[in-house]
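Observations on the model geometry
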Amino acid sequence: VAACHLPTFNSHCIESYIHRIPYLAECFLYSNDDTYISQRIDPSDFFQLSETPPDVAAATGQTIEVKLKLRGWTMKKHTKGKSMHQVAVHNYFAICKHLEMVPIHPEHHVTPMLKTMMVQAEIFFADAWSNSRTTFRGAGNIVPIYAATSLAYHLGRGTLVRDGADPLQKLYIGGNTFKSTSLRK
């Protein structure tokens with residue numbers, strides 16, 4: 001986080017810098033500080049590789065495409081609330097609608113992400129992303145993880161997962177067991 005924003009009390013500001021962490025892997029998991037994993041997980045729970053085997057891709061010069069397995073719901077509407085987080089979600093929703101993108105609201109748990117998708121989202125949502133870099137949450141903020149998630153979905157780099165056994169049943173959210181039935185349709 002830039003020195004001019006420290007100390008910060010704004011998680012949106014912190015999210016806007018995540019992709020700049022030195023040595024961060026291309027594929028990473030993002031979660032808030034009230035989420036923890038209670039059982040073994042596997043990268044395939046969150047990331048889907050292209051059908052091309054890695055050895056074939058290397059021999060033919062192809063790249064292996066990674067898609068995010070997103071858990072959340074598409075937002076049909078959002079009413080501006082009073083908290084600064086609700087304002088940020090409303091701003092994000094309005095920008096997505098203006099850009100004719102499907103706004104994705106990830107569940108409040110572990111979110112798979114690609115470093116390159118965060119870089120692209122910072123460029124794509126440049127003004128709103130920059131406005132989120134404040135010491136305190138403000139009226140011009142968006143939620144960067146939501147924006148990167150929607151961009152991944154929009155560009156075909158992420159799919160919404162709502163079927164079958166949900167590996168996120170292994171998670172506890174703020175002390176409550178996560179149930180896949182809480183996913184909205």
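None of these values were measured; they are calculated from a predicted model.

Right, let's talk about the overall build of the protein for a bit. Along the backbone of the protein there are six helices and 10 strands. Every one of the 185 residues in the protein was classed for burial, and the buried ones make up 42%. With the model as given, the accessible surface of the protein reaches about 10,200 Å², and the carbon-plus-sulfur share is 55%.

Another aspect to go through is the packing of helix α3 (residues 84–98) against helix α6 (residues 144–154). For the pair α3 and α6, interaxial distance at closest approach is 10 Å and the crossing angle is 25 degrees. What the angle tells us is that α3 and α6 run roughly parallel. The handedness of the crossing between α3 and α6 is right-handed. Residues His85, Val89, Tyr92 and Cys96 of α3 lie in contact with α6, whose contacting residues are Tyr146, Ala147 and Ser150. Along the lines of polarity and charge, the residues of the contact of α3 with α6 split into five nonpolar, two polar and no charged.

Side chains of residues three or four places apart in an α-helix project in the same direction, reflecting 3.6 residues per turn. The set of residues buried in helix α4 (residues 115–124) consists of Met117, Met118, Ala121 and Glu122. All buried residues of α4 lie within an arc of 140 degrees about the axis, which places them on one face of the element. Where α4 is buried, its residues contact α1 (11–15), β1 (27–30), β7 (111–114), α5 (126–131) and α6.

A few words on the nonpolar core. Of all hydrophobic cores here, the largest spans 32 residues; its most connected members are Met118 and Phe125. Elements with a minimum of two residues in this core: β1, β4 (66–70), α3, β7, α4, α5 and α6. Those residues in contact with Met118 that lie beyond four places of it in its chain are Glu15, Ile18, His19, Phe28, Met113, Trp129, Ile145 and Ala148.

Here the focus is the sheet that holds strand β3 (residues 47–49). Strand order across the open sheet formed by three strands is β3-β4-β8, with mixed pairing between neighbours. The sheet is open, and its two borders are formed by β3 and β8 (158–160), each paired with just one other strand. Geometrically, the sheet is characterised by an average inter-axis angle of 30 degrees between neighbouring strands, direction not taken into account. Relative to β4, β3 is paired through three bridges, and the arrangement is antiparallel.

Attention shifts here to the pairing of β1. Going residue by residue along β1, you find Phe28 and Tyr30 tucked away on one face and Cys27 and Leu29 left uncovered on the opposite face. Relative to β7, β1 is paired through four bridges, and the arrangement is antiparallel. Bridge assignment links Tyr30 to a residue of β7, and that residue is Thr111.

Taken together, the side chains of Val1, Leu6 and Ile14 present a nonpolar region at the surface, about 250 Å² in accessible area. Structurally, the position occupied by Leu6 is in the segment before α1.

What follows deals with the pattern of salt bridges. Tallied over the full model, the rule gives two salt bridges. For Glu122, the salt bridge goes to Arg133, with nearest N and O atoms at 3.0 Å. With Glu122 in helix α4 and Arg133 in the loop between α5 and α6, this residue pair connects regions lying 11 residues apart in the sequence. On the accessibility criterion, Arg133 (14% relative accessible area) is buried.

Turning to the side chain of His12, a few remarks are in order. Position of His12 relative to the elements: it lies in helix α1. Not counting chain neighbours up to four residues away, the residues in contact with His12 comprise Met84, His85, Ala88, Ser132, Arg137, Asn141, Ile142, Val143 and Pro144.

What follows is about the confidence of the model for the protein. Within the protein, residue pLDDT values average 75, and 71% of them lie at 70 or more. The low-confidence segment residues 163–185, where pLDDT is below 50, has 49 contacts with residues more than four positions distant or belonging to other chains.

With that settled, consider the packing of aromatic side chains. Under the definition given, this model contains three aromatic pairs. Centroid distance Phe124 to Phe125: 5.2 Å. Interplanar angle 75 degrees. Geometry classified as edge-to-face. On the accessibility criterion, Phe124 (40% relative accessible area) is partly exposed.

Reading the values: the criteria
- Residues numbered from 1 in each chain as written.
- Predicted model: local features only at pLDDT ≥ 70, side-chain atom pairs only at ≥ 80, totals over all residues.
- Heavy atoms only, no water.
- Helix = DSSP H or I, 4+ residues; strand = E, 2+ residues; numbered from the N terminus.
- Buried < 20%, exposed > 50% of the residue type's maximum accessible area, 1.4 Å probe, protein only.
- Areas by Shrake-Rupley, 256 points an atom, 1.4 Å probe, with all protein chains shown as cover.
- Axes fitted to C-alpha atoms, helices over the stretch in contact; angles between N-to-C directions.
- Parallel < 35°, antiparallel > 145°, perpendicular 65-115°, else oblique.
- Left-handed = near helix turned anticlockwise from the far one by under 90°.
- Contact = heavy atoms within 4.5 Å.
- Nonpolar A, V, L, I, M, F, W, Y, C, P; charged D, E, K, R; others polar.
- Arc of directions from axis to C-beta.
- Core = buried A, V, L, I, M, F, W, Y, C linked by side-chain atoms within 4.5 Å.
- Pairing = 2+ DSSP bridges.
- Patch = residues over 30% accessible without salt bridge, like charges linked within 9 Å, V, L, I, M, F, W, Y side chains within 5 Å.
- Salt bridge = Lys/Arg side-chain N within 4 Å of Asp/Glu carboxyl O.
- pLDDT = per-residue confidence, 0-100.
- Phe/Tyr/Trp six-rings, centres within 6.5 Å; stacked < 30°, edge-to-face > 60°.

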